[in-house]
Amino acid sequence: MEFGEFGGQFVSGTILKGIKEVETAYEKVKGDPEFLAEFHRYLREVANRPSLLYEAKHLTAVLGGAKIYLKREDLNHTGAHKINNALGQALLAKRMGKTKLIAETGAGQHGVATATVAALFGMDCEIHMGLEDVLKQSLNVYRMELLGAKVVVVQDGQKTLKEAVDSALISWSIQSDTAFYLLGSAVGPHPYPTMVRDFQKVIGSEIRSQLQHCENRLPDIVIACVGGGSNAIGAFTEFIPFSNVELIGVEAGGKGIETQYHAATITKGKVAVIHGMKTLCLTEADGEISPVYSLSAGLDYPGVGPEHAYLAQTKRVTYVSATDEEAVQAFELLAKVEGIIPAIESSHALAEAIKRAPIMKKDKIIVVNLSGRGDKDVKQIARYRHIELVD
Ligand SMILES: *Cc1c(COP(=O)(O)O)cnc(C)c1O
């Protein structure tokens, strides 16, 4: 296994054959200076990297403790960290001679990032999305179609992300000669969790050099939200060797982790196999995968990347949760005091900073990974606050 007892390739038949082909291809390019130079050129010229490390002076003043910096992944093209990974995997697909990208999407953010890179590279694109999500996120469906993607509506089971992944994998297995499966988080069978981490670790390496430049030191705490775990592992990887840097992952506490309405996989999960990997997973007494809930569609996943399961077990990273209400309050506070509307996912990480900063000394530094922008969430937050919007 790649991460202690976690990870692996729990797939069979034609899917395993496709996965092995991706593994071999990734082994070849991962240390190839030409591939890495091309990837970093696209990060610069398409994603708009490096993203800012922003000193949140007003938020710091309001909280009255540690200094808070925000890593502004919300300023990337398409509005979140997902474009980093989509560019990396699409470049690999091109190297492998593939002409089509297949992906799953929950709320549509990863679908939009994948459709964007497919348009950029002139590749065909097929996005699998559950019917429930299609109905909730019709704007993202149309966005993907504008970008040239075909959206496949998945009608199985709960009709959400889990079924969309299963559907995308099946579709890929029958066309893996020409198609590449572009996974959206640090999850799934090896090599995806490793590969996605490698494409996202630019976040943490930029944080380190940017903070070195303005503060001449390492942060005391780095905080990120955890759905599948890609933005978090991207922010953490650079700092894992430095034991004096505290790393905190924040899961979706939904209506409270004592209820059944949450997605706190690490806090409440058990070891299980889901989507081709051995990891922590929310399961029922009979071993079935639990339905999960969060106000935030991007954190609403019953599993988690296997490296996070390992980092939790070895205690290098601390995992906590924030409820819907705490995240919404963080969302509102950042908008009001800094003029930044964060994604509701990222607001979970902010909520933890809001709890910690006031009880820390003023010479301490917290970096919050602001994984995405919140335009997509405004309508939902209004509904949550019982504010009527007229279309
Ligand atoms: C998708 C998404 C997430 C959750 O995914 P991870 O793989 O856990 O990073 C978090 N924030 C934003 C803005 C997202 O779009």
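Everything numeric here is computed off the predicted structure, so don't read it as measured data. (Residues numbered from 1 in each chain as written. Predicted model: local features only at pLDDT ≥ 70, side-chain atom pairs only at ≥ 80, totals over all residues. Heavy atoms only, no water.)

1. Focus on the sheet that holds strand S4 (residues 124-130)
Next up, step 1: Spatially, S5-S4-S3-S6 is the arrangement adopted by the four strands of the open sheet, whose pairing is parallel. The open sheet has two edge strands with one neighbour each: strand S5 (150-154) and strand S6 (179-181). In this sheet, neighbouring strand axes are inclined to one another by 25° on average, regardless of whether the strands run parallel or antiparallel.
Next up, step 2: Summarising the sheet, strand S3 (residues 100-105) and S6 pair through three bridges and their orientation is parallel. Residue pairing in the sheet places Lys100 in a bridge with Ala179 of S6.
Next up, step 3: Each of S3 and S6 touches helix H4 (residues 82-95); the most contacted strand, S6, lies at about 150° to it. (Pairing = 2+ DSSP bridges. Helix = DSSP H or I, 4+ residues; strand = E, 2+ residues; numbered from the N terminus. Axes fitted to C-alpha atoms, helices over the stretch in contact; angles between N-to-C directions. Contact = heavy atoms within 4.5 Å.)

2. Let's talk about the site of the ligand
Next up, step 1: Around the ligand, 16 residues are found, and the nearest of them are Lys82, Ser185, Gly229, Ser230 and Ser371.
Next up, step 2: Here an oxygen atom of the ligand sits 2.8 Å away from a polar atom, N or O, in the main chain of Gly229.
Next up, step 3: The contact in question runs from an oxygen atom of the ligand to an N or O atom on the side chain of Asn231, over 2.8 Å.
Next up, step 4: Contact with the protein chains removes 96% of the 380 Å² of surface that the ligand exposes when unbound.
Next up, step 5: Considering only residue class, the shell around the ligand consists of three nonpolar, eleven polar and two charged. (Near = heavy atom within 4 Å. Polar contact = N/O pair within 3.5 Å; in protein donor to acceptor, adjacent residues only side chain to side chain. Areas by Shrake-Rupley, 256 points an atom, 1.4 Å probe, with all protein chains shown as cover. Nonpolar A, V, L, I, M, F, W, Y, C, P; charged D, E, K, R; others polar.)

3. Comments concerning the layout of surface pockets
Next up, step 1: Here the largest pocket defines a volume of roughly 1200 Å³.
Next up, step 2: Contributing to the lining of the largest pocket are 41 residues, with Ala107, Asp133, Lys136, Gln137 and Ala297 lying nearest its centre.
Next up, step 3: When contributions to the lining of the largest pocket are tallied by element, the ones reaching two or more residues are helix H5 (109-121), helix H6 (131-136), helix H7 (138-146), helix H8 (161-173), helix H15 (344-356) and helix H16 (378-384).
Next up, step 4: Residues belonging to the lining of the largest pocket are distributed by class as follows: 13 nonpolar, 14 polar and 14 charged.
Next up, step 5: As for the second largest pocket, its lining consists of 17 residues, and the residues nearest its centre are Gln260, His262, Glu284, Ser290 and Pro291.
Next up, step 6: Here the residues of the lining of the second largest pocket sort into seven nonpolar, six polar and four charged. (1 Å grid on protein atoms, 1.4 Å probe; cavity = no way out; pocket = protein on both sides within 12 Å on 5 of 7 lines; lining within 4 Å. Points joined across faces, edges and corners; volume = space filled by probe spheres on them.)

4. Quick look at the side chain of Glu338
Next up, step 1: With respect to the element layout, Glu338 can be found in helix H14 (residues 324-338).
Next up, step 2: Look at Glu338: it is buried, it has no salt bridge, and the nearest opposite charge is Arg72 at 7.6 Å.
Next up, step 3: In terms of polar contacts, Glu338 uses its side chain to reach the side chain of Tyr54, at 2.5 Å.
Next up, step 4: A polar side-chain atom of Glu338 sits 2.8 Å from the main-chain amide nitrogen of Leu59.
Next up, step 5: With near-sequence residues (within four places) excluded, Glu338 lies in contact with Tyr54, Ala56, Lys57, His58, Leu59 and Leu333. (Buried < 20%, exposed > 50% of the residue type's maximum accessible area, 1.4 Å probe, protein only. Lys, Arg positive; Asp, Glu negative; His and termini not counted. Salt bridge = Lys/Arg side-chain N within 4 Å of Asp/Glu carboxyl O.)

5. Overview of the packing of aromatic side chains
Next up, step 1: A full pass over the atoms with the stated rule returns seven aromatic pairs.
Next up, step 2: An aromatic cluster is built from Tyr26, Phe35, Phe39 and Phe199, whose rings are joined through pairwise contacts.
Next up, step 3: One cation-aromatic arrangement involves Arg41 over Tyr42; the distance from NZ or CZ to the ring centre is 5.1 Å.
Next up, step 4: Note that Lys255 overlies the ring of Tyr261, its terminal NZ or CZ placed 5.3 Å from the centroid. (Phe/Tyr/Trp six-rings, centres within 6.5 Å; stacked < 30°, edge-to-face > 60°. Lys NZ or Arg CZ within 6 Å of the ring centre and 35° of its normal.)

6. Looking at empty space enclosed by the protein
Next up, step 1: Under the defined criterion, the tally for this structure stands at two cavities of 30 Å³ or more.
Next up, step 2: Estimates place the volume of the largest cavity at around 560 Å³.
Next up, step 3: Only S3, H5, H8 and helix H11 (230-236) provide two or more residues apiece to the lining of the largest cavity.
Next up, step 4: The biggest single contributor to the lining of the largest cavity is H8, with three residues.
Next up, step 5: The class makeup of the residues in the lining of the largest cavity is 17 nonpolar, 19 polar and six charged.
Next up, step 6: Size it by volume and the second largest cavity reaches roughly 40 Å³.
Next up, step 7: Thr78, Ala80, His81, Lys82, Ile83, Gln109, Val112 and Ala113 together form the lining of the second largest cavity.

7. Quick notes on the nonpolar core
The tendency in soluble globular proteins is for nonpolar side chains to be buried side by side.
Next up, step 1: Grouped together as the largest cluster of nonpolar side chains are 58 residues, with contacts concentrated most on Leu87, Leu92, Leu101, Trp172, Phe180, Tyr181 and Tyr192.
Next up, step 2: In terms of residue count, H4 provides more of this core than any other element does, seven residues in total.
Next up, step 3: Not counting residues up to four positions away in its chain, the partners in contact with Leu87 are Phe39, Tyr42, Leu43, Val46, Ala47, Val117, Leu120 and Phe121.
Next up, step 4: Listed in part, the 30 residues of the second largest apolar core include Ile68, Leu334, Ala351 and Leu370. (Core = buried A, V, L, I, M, F, W, Y, C linked by side-chain atoms within 4.5 Å.)

8. Thoughts on the pattern of salt bridges
Next up, step 1: The final tally for this structure, using the stated rule, is 26 salt bridges.
Next up, step 2: The partner of Asp74 in a salt bridge is Arg72, and the shortest N-O contact between them spans 2.9 Å. Across this residue pair, the class does not change: Asp74 and Arg72 are buried.
Next up, step 3: Through salt bridges with shared partners, a single ionic network connects Glu246, Glu326, Glu352, Lys355 and Arg356.

9. Overview of the sheet that holds strand S1 (residues 53-55)
Strand pairing in a sheet is mediated by backbone hydrogen bonds. Such pairs are either parallel or antiparallel.
Next up, step 1: On the basis of which strands lie adjacent, the open sheet formed by six strands has the order S1-S2-S12-S7-S8-S11 and mixed pairing. On the outer flanks of this sheet lie S1 and strand S11 (317-323), each paired with one strand and no other. On average, adjacent strands in this sheet sit at an angle of 25° to one another, irrespective of strand direction.
Next up, step 2: Direction of pairing for S1 relative to strand S2 (residues 67-72): antiparallel, over a ladder of three bridges.

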